[in-house]
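Chain by chain, the residues:
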Amino acid sequence: MLPAAFEYASPGTLDEALALLDQHADDGKVLAGGQSLIPLLKLRLASPAFLVDINRIPDLDVLEERDGALVIGALVRHKTAERSSLLANRYAVLAEAAPQVADPLVRNRGTLAGSLAHADPSGDWGSVMLAVDAEFVLRSRSGSRTVKARDFFSGPFSTLLQPNEILTEIRIPARRGPTGGAYLKLERKVGDFATVGVAIQLQMDDGKVGTAGIALTAVGPQNIKATEAEAALKGQTLNDKVIKEAGQLAAKAAEPRADLRGSEAYKRNVVRIFTERGLKRAYERARGGG
Amino acid sequence: MAIDTPPKGFIGESIKRKEDDRFIRGKGNYLDDISLPGMLHMSILRSPFAHARIRSINTKPAEAVPGVVAVVTGALLEQHKLAWMPTLSGDTQAVLATDKVRYQGQEVACVIANDPYVARDAAQLIDVDYEVLKAVVDPYQALKPGAPLIRDEKKDQKDNHIYHWEAGDKAATEAAFKKADKVVSLETFYPRCHPSPLETCGIVADINPATGQATLYMTSQAPHAHRTLFALVAGLPEEKIRIISPDLGGGFGNKVPIYPGYVVATAASLLLGHPVKWIEDRSENLISTGFARDFHMQGELAVNKDGKFLGLRVKMLSDNGAFYADAQPSKFRAGLFHIVTGSYDLPAAHVETDGAYTNKAPGGVAFRCSFRVTEASYLIERLVESAAVELKMDPAEIRLKNFIQPEQFPYKSATGFEYDSGDYPRALKLALEKIGYEQLRKEQAEKRKRGELMGIGVASFTEVVGAGHGTEYDIAGLRMFDSAELRVHPTGKAILKLGVKSQGQGHETTFAQIVAEELGIPASDVEVQEGDTDNTPYGLGTYASRSTPVGGAATAMVSRKLRDKAKKIAAHLLEASEADIEFDHGKFFVKGAPSKSKTIQDVAFAAYTNLPEGMEAGLEGVTYYDPPNMTFPFGTYVVVVDIDRGTGQVKVRRMVAVDDCGVRINPMIVEGQIHGGLTEGFGIAFMELITFDEQGNCIGSNFTDYLLPTSWETPRFETFETVTPSPHHPIGAKGVGESATVGSPAAYVNAVIDAVGHLGITNIDMPVSSDKVWTALQEKGAAE
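About the thresholds
Residues numbered from 1 in each chain as written. Chains lettered and ligands numbered in written order. Predicted model: local features only at pLDDT ≥ 70, side-chain atom pairs only at ≥ 80, totals over all residues. Heavy atoms only, no water. Axes fitted to C-alpha atoms, helices over the stretch in contact; angles between N-to-C directions. Helix = DSSP H or I, 4+ residues; strand = E, 2+ residues; numbered from the N terminus. Parallel < 35°, antiparallel > 145°, perpendicular 65-115°, else oblique. Left-handed = near helix turned anticlockwise from the far one by under 90°. Contact = heavy atoms within 4.5 Å. Nonpolar A, V, L, I, M, F, W, Y, C, P; charged D, E, K, R; others polar. Domains from an automatic or database assignment. Buried area = accessible area lost by both parts, 1.4 Å probe. Salt bridge = Lys/Arg side-chain N within 4 Å of Asp/Glu carboxyl O. 1 Å grid on protein atoms, 1.4 Å probe; cavity = no way out; pocket = protein on both sides within 12 Å on 5 of 7 lines; lining within 4 Å. Points joined across faces, edges and corners; volume = space filled by probe spheres on them. Polar contact = N/O pair within 3.5 Å; in protein donor to acceptor, adjacent residues only side chain to side chain. Core = buried A, V, L, I, M, F, W, Y, C linked by side-chain atoms within 4.5 Å. Buried < 20%, exposed > 50% of the residue type's maximum accessible area, 1.4 Å probe, protein only. Pairing = 2+ DSSP bridges.

We now examine the packing of helix 17 (residues 667-686) of chain B against helix 18 (residues 739-756) of chain B. All names here are of chain B. Contact geometry for helix 17 and helix 18: axes closest at 7 Å, N-to-C directions at 45 degrees. Taken together, the axes of helix 17 and helix 18 lie oblique to each other. Read as a crossing pair, helix 17 and helix 18 show a hand that is right-handed. Residue-level inspection shows Ile674, Gly677, Leu678, Glu680, Gly681, Phe682, Ile684, Ala685 and Phe686 of helix 17 in contact with helix 18, the latter providing Ala740, Thr741, Ser744, Pro745, Tyr748, Val749 and Val752. Class assignment for the residues of the contact of helix 17 with helix 18 results in 11 nonpolar, four polar and one charged.

Moving on to the domain arrangement of chain B. Residues and elements named next belong to chain B. What the domain assignment reports for chain B is domain 1 (20-27 + 482-625), domain 2 (34-133 + 200-248 + 255-288) and domain 3 (292-467 + 629-779). Just the C-alpha atoms count here: the centres of domain 1 and domain 2 sit 40 Å apart. Taken residue by residue, the interface counts 20 residues in domain 1 and 18 residues in domain 2. The largest per-residue losses of area from domain 1 upon contact with domain 2 belong to Lys501, Thr533 and Tyr538, which jointly make up 39% of the total buried on that side. Class assignment for the residues of the side of domain 1 that touches domain 2 results in five nonpolar, 11 polar and four charged.

Below, the discussion takes up the domain arrangement of chain A. Residues and elements named next belong to chain A. Domain parsing of chain A yields domain 1 (7-52), domain 2 (63-173) and domain 3 (179-288). For domain 2 and domain 3, the distance between their C-alpha centres works out to 19 Å. Taken together, the contact pairs 25 residues of domain 2 with 27 residues of domain 3. In this assembly, domain 2 packs against domain 3 so that about 2,000 Å² is buried in total across both faces, 54% of it on carbon and sulfur atoms. Seen at the junction of domain 2 and domain 3, the total is three salt bridges.

Its volume calculated, the second largest pocket comes out at about 1,200 Å³. As for the second largest pocket, its lining consists of 45 residues, and the residues nearest its centre are Glu187(A), Arg188(A), Lys189(A), Gln649(B) and Ser770(B). Those elements giving two or more residues to the lining of the second largest pocket turn out to be helix 6 (104-109), strand 11 (179-186) and helix 12 (264-288) of chain A together with strand 32 (650-660), helix 17 and helix 19 (770-779) of chain B. Taken together, the residues of the lining of the second largest pocket break down into 22 nonpolar, six polar and 17 charged.

A word on the interface of chain A and chain B. Counting from both sides, the interface comprises 24 residues of chain A and, opposite them, 26 residues of chain B. Roughly 2,200 Å² is buried in total at the junction of chain A and chain B, and carbon and sulfur atoms are behind 60% of that figure. Run the count over chain A and chain B and you get three salt bridges. Note that Arg44(A) and Asp121(B) form a salt bridge whose closest N and O atoms lie 2.7 Å from each other. In this structure, the connection of chain A to chain B is made through 11 residue pairs in polar contact (both at pLDDT 80 or more). It is helix 12 of chain A that provides the largest number of residues to the side of chain A that touches chain B, a total of eight residues.

What follows is about the nonpolar core. Ranked by size, the top nonpolar core spans 210 residues in total, and within it Leu202(A), Phe337(B) and Tyr748(B) carry the most contacts. For this core, the element with the most residues is helix 18 of chain B, which contributes 11 residues. Residue contacts for Leu202(A): discarding those within four places in its chain leaves Pro178(A), Thr179(A), Gly180(A), Val209(A), Thr211(A), Ala212(A), Leu238(A), Leu279(A), Ala282(A) and Tyr283(A). Counting residues in hydrophobic clusters, the runner-up holds 52 residues, among them Leu14(A), Leu60(A), Ala74(A) and Ala113(A).

Now for unusual backbone geometry. Residues and elements named next belong to chain B. Going from Ala467 to Gly468, the amide bond is cis rather than trans, its omega being 10 degrees. For Gly468, the position within the fold is in the loop between strand 21 (453-462) and strand 22 (474-475). Residues Met766 and Pro767 are joined by a peptide bond in cis, for which omega reads -10 degrees. The backbone of Ser196 sits at a positive phi, close to 45 degrees, despite the residue not being glycine. With respect to the element layout, Ser196 can be found in the loop between strand 10 (182-193) and strand 11 (202-207). Taking relative accessible area as the criterion, Ser196 reaches 7% and is therefore assigned buried.

As a further point, take the environment of Asp474(B). All names here are of chain B. Residue placement: Asp474 occurs in strand 22. Residue classification places Asp474 among the buried positions, given a relative accessible area of 7%. At 3.4 Å, the side chain of Asp474 forms a polar contact with the side chain of Lys331.

What follows concerns the sheet that holds strand 14 (residues 224-225) of chain A. Residue and element names in this part refer to chain A. What the four strands build is an open sheet, ordered 11-12-13-14; its pairing is antiparallel. Here the strands that pair on one side only, and so sit at the sheet edges, are strand 11 and strand 14. Taken together, the eight bridges between strand 11 and strand 12 (residues 196-205) define a ladder with antiparallel strand orientation. Residue pairing for strand 12: Leu186 is matched across the bridge by Val196. Its contacts with the sheet put helix 8 (residues 124-131) on strand 11, strand 12, strand 13 (208-217) and strand 14, and the angle it makes with strand 13 is roughly 160 degrees.

Here it is in structure tokens:
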């Protein structure tokens, strides 16, 4: 597993990093946790000529609530999310997803933002961000812009992120009122990519569903926001019938393909089952305040 | 004198592994740690196609890369008559392809350069013009008329059939089936899996151009046999070949064969006059080196209404890939698969086996298994489960009814083995007691009423390990004895040199303990050496659980040989008659006067300083041990699973393992072996799979696709033992390295079948993945 030759820089400031990326827009790549990029290099599936390592840049590891948003910096590792009491207490869907990402070795180094920028349709964070209606701050040498998670993903391994941009910040609307979330994932073993994952976010309003976020992992060319299922839940009291219907709508939204992980019908069924179970779990959490 | 501390390491003591000190400090010396002055690096270009004719190879772009020293192709090797090499099963295998490639990943050309990165870069620049041919990846398809002929270079090969081999009595078996009330059938596939040692295979070949001395550092489970094969194949003088197998990071059968990379690196060192290193990357290891299993099996059991077995009929087709390169005793074309009668008193049995070439990687090594015992054990244990389901009998009860009984040993099996010893009911009953079988059956019945799926799987395996005897078992003609040389130094410390070779089994501890037991020298004072053919006596190596049965027996015998001499010296020192000298754990004393004694250390010193008149100096010896029979480890594994009807996920709730490997030398090491095997069995049962698409593209070429279990999903194991010593082994040991891999897959799968058998589901082939379970449930209308 020997990668092809590449040049490497490890700038100390974000401006320097952005300048380097600008300079190497054709063949440059950002190295954060490296948990997707390094294997690609070793398998020679990717051979960028220039790597910009952002690990030395200060202040990119912020994880806090600020100005009505939960802010997650570009260098926040999965491990940090997994151990964060802020997430455990207030953002259940993130807290539940974090320990299910890959394996402990990957979580020690890999970053949430890197995973989102890589945009593997089997990635867990994409669904979580769709469910919680996150937005991403994309910075380049010429400025910054903010895009919604639902607009960010454009296909397998492709996003709106330009080669000269860095995803510097994830912003999630801060929790308010009775909110609950859940992330359910089926994998063949720890560290395997998801066979199916379902992210759920419920905001309750006076005993009824205010807003619901449902997003699906590994059952389409990109993480899928199950908008029909979300819409069907709005304003409803959560009972078995409503939950069942949402499950069916989520299964309908999935676009799975048969592979070694299972048939199309199988994966669709798991989406249905996980949506039902996830809604129940998220509802419990919203009611219990957990 | 402190007799009790520190521990002497006698048999039965769980002393810590002597070798771990260097391993846990990162001071092991593995193949890739070896670096020699002037060493060059080799990288292999492999075929992207499963079946293609080579029209031309243009090596010029690779040769032009700065740092490249040479590019080797099959055409070049052909000039030295090295383009093809013999396999361990009497077939031939391409070293580098000359005419066509026959599987994806086959070796096509090698680049030798002064840097491994340069070698890899340059290999990618070699331009091969292929004419793609139709590939065949299924052995049944391969045997059909009109299938693409894979081995068209072999003169007499007109189809893809490799061998036909039978065991047992066909007529008697037919008669038994005629008498039977019922025939239970099972068709099952044991898929292709891979031993996947953490350390991949490699070599540093160092041939001195002046002296012709060839020092080959190789990841070898059988260094002596490999030395002889190198001499025969490459025409090198055997006295000039020294194979050094350094610390090995696992083997599991994967390091038994000789691979093309070893041969090319050796030839390159000879031609270039430099040491040449080649080490596989993970994908190369998975796609090209010795895989395991790939057996299509049909079993039929003739049974009476009361559950008594009358006969067994088995047909098996093995998929051997492009070259028949199984590592197995030469008289047995499908290894020891005919042990398929297992733990049962089967009056009649007949086994028919065939092998087929396909456009897949060659090998078929015994992955942690004594030559195909795993496949056999899986089939019979699954078939017995089927019988229990069909007869609506308890799977434990039907086993108890059909076991070979303790008083029947030595037991002659219907396929020709003589089982040395066993007590199968005892192991099964202990396993049932430990898991709380009765209570679990009650829980299962209650759950079933609520629509919940829970299963209890039983497997009572019997292995056959420890080859030879040498007249019956040989590898490429070399008889399967093994050896031990013991030298006791004047200060009472010893060196033990063995023909076997540890890959992590703990030989440096276990064999030192045998010396401790037999001679009384503390295990900490016994240095065990293996793997260097210049410094160890000839042996056939470590695989098929043979180290303790054969190498361990040789160690006991050579220790006894030295003890006999030591006794004579002790008599001399104690001024007593030899007949009056008694020995107990390192102490020689005069009968009836235990205070008058000499230690083994006293005697060792005297062997060099104060000998009886006329006796040769020294306390050294060597023994070559040819076992009179195989040993037959056995046990019962019981697994409890819960199944999620919505996702098909199988959760292993409990796993109880009762193993009987005879006398346990170091119980902790034995436990470790069992834990490892149960984990590998778990992986095979639930996730490990190498498969191919119709074009012959390998799916499972890295650890993203080829799934190995981690500590996170591996169940907790509850291990227990019974001890039935082998009557013919000097210390009663039987070998344990492979029991758990052999016995456990059927236990896991039987647990799943036990949960769903009542729905009419009788088979789910491994790996039993969630989607397969859910689909089976769905077909029966039982999925959520």
